[in-house]
Amino acid sequence: MEMAIEELANEVTKVVFNGRFDIAGAEAVDLKMNVIAGSKKLVLIDMQKVSFLGSMGLRTIVSAARAVRGRGGKIAVFGPDEEVEKVLTMSGVNALVPIHHDMQSAIASLQ
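In this report, the structure presented in the accompanying data block is examined. Only a predicted model underlies this, so the values are computations on that prediction, with no experimental measurement involved. (Residues numbered from 1 in each chain as written. Predicted model: local features only at pLDDT ≥ 70, side-chain atom pairs only at ≥ 80, totals over all residues. Heavy atoms only, no water.)

Some remarks on the environment of Val 68
Phase 1 of the analysis: Mapped onto the elements of the fold, Val 68 is located in helix 2 (residues 55–70).
Phase 2 of the analysis: By relative accessible area, which is 1% here, Val 68 ends up buried.
Phase 3 of the analysis: For the pair Val 68 and Ile 36, spaced 32 residues apart in sequence, the C-alpha to C-alpha distance is 8.6 Å.
Phase 4 of the analysis: Ignoring sequence-local partners within four residues, the contact set of Val 68 consists of Ala 37, Lys 40, Lys 41, Val 43, Gly 73, Lys 74 and Ile 75. (Helix = DSSP H or I, 4+ residues; strand = E, 2+ residues; numbered from the N terminus. Buried < 20%, exposed > 50% of the residue type's maximum accessible area, 1.4 Å probe, protein only. Contact = heavy atoms within 4.5 Å.)

Some points on unusual backbone geometry
Phase 1 of the analysis: In this model, Asn 10 sits at a positive phi of 60°, which is unusual for a non-glycine residue.
Phase 2 of the analysis: Tracing the backbone shows Asn 10 in the loop between strand 1 (2–7) and strand 2 (12–21).
Phase 3 of the analysis: Since its relative accessible area comes to 55%, Asn 10 is described here as exposed.
Phase 4 of the analysis: A positive phi angle, close to 65°, is found at Glu 11, a residue other than glycine.
Phase 5 of the analysis: Its place among the elements puts Glu 11 in the loop between strand 1 and strand 2.

Looking at the pairing of strand 1
Phase 1 of the analysis: Here strand 1 runs beside strand 2; their pairing, made up of 6 bridges, is antiparallel. Bridge pairing in strand 2 places Glu 2 opposite Asn 18.
Phase 2 of the analysis: Hairpin remark: strand 1 followed by strand 2, antiparallel, with 4 residues in the connecting loop; positive phi at Asn 10, about 60°. (Pairing = 2+ DSSP bridges.)

A few points about the nonpolar core
Phase 1 of the analysis: Among the nonpolar cores identified, the biggest contains 27 residues, and Phe 17, Phe 21, Ile 45, Met 47, Ile 61 and Leu 88 are the most heavily contacted of them.
Phase 2 of the analysis: Those elements giving two or more residues to this core turn out to be strand 2, helix 1 (23–39), strand 3 (42–53), helix 2, strand 4 (74–78) and helix 3 (82–90).
Phase 3 of the analysis: Among the elements that take part in this core, helix 2 stands out by supplying 6 residues, more than any other.
Phase 4 of the analysis: What Ile 61 contacts, discounting residues up to four positions off in sequence, is Phe 21, Ile 45, Met 47, Leu 53, Leu 88, Val 93 and Val 97. (Core = buried A, V, L, I, M, F, W, Y, C linked by side-chain atoms within 4.5 Å.)

Interpretation in functional terms is not warranted from these geometric data alone.
As structure tokens, this is what we get:
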């Protein structure tokens, strides 16, 4: 799992994940994601290039969402493929982290 960070306008931090969000993938990004969740208020998670989402990946997303929201911030997911979105919705994560299919609506949800 690769992770890239991009600062967008209006203090939105975009986190781009690329690869499999399995046990190894979550281990590779957990520390960096915890730093972002603990320091940023508006976080957009780009999942367009995530090919698999397992329970440890879900844990990473939920932990980040709780940290961001606990500090009065907002977090959203952008662009998951059909299978990844199914995992997010079946697990109920979409109740905590809204899912968007276009970047503009995702960014707008953070404002």
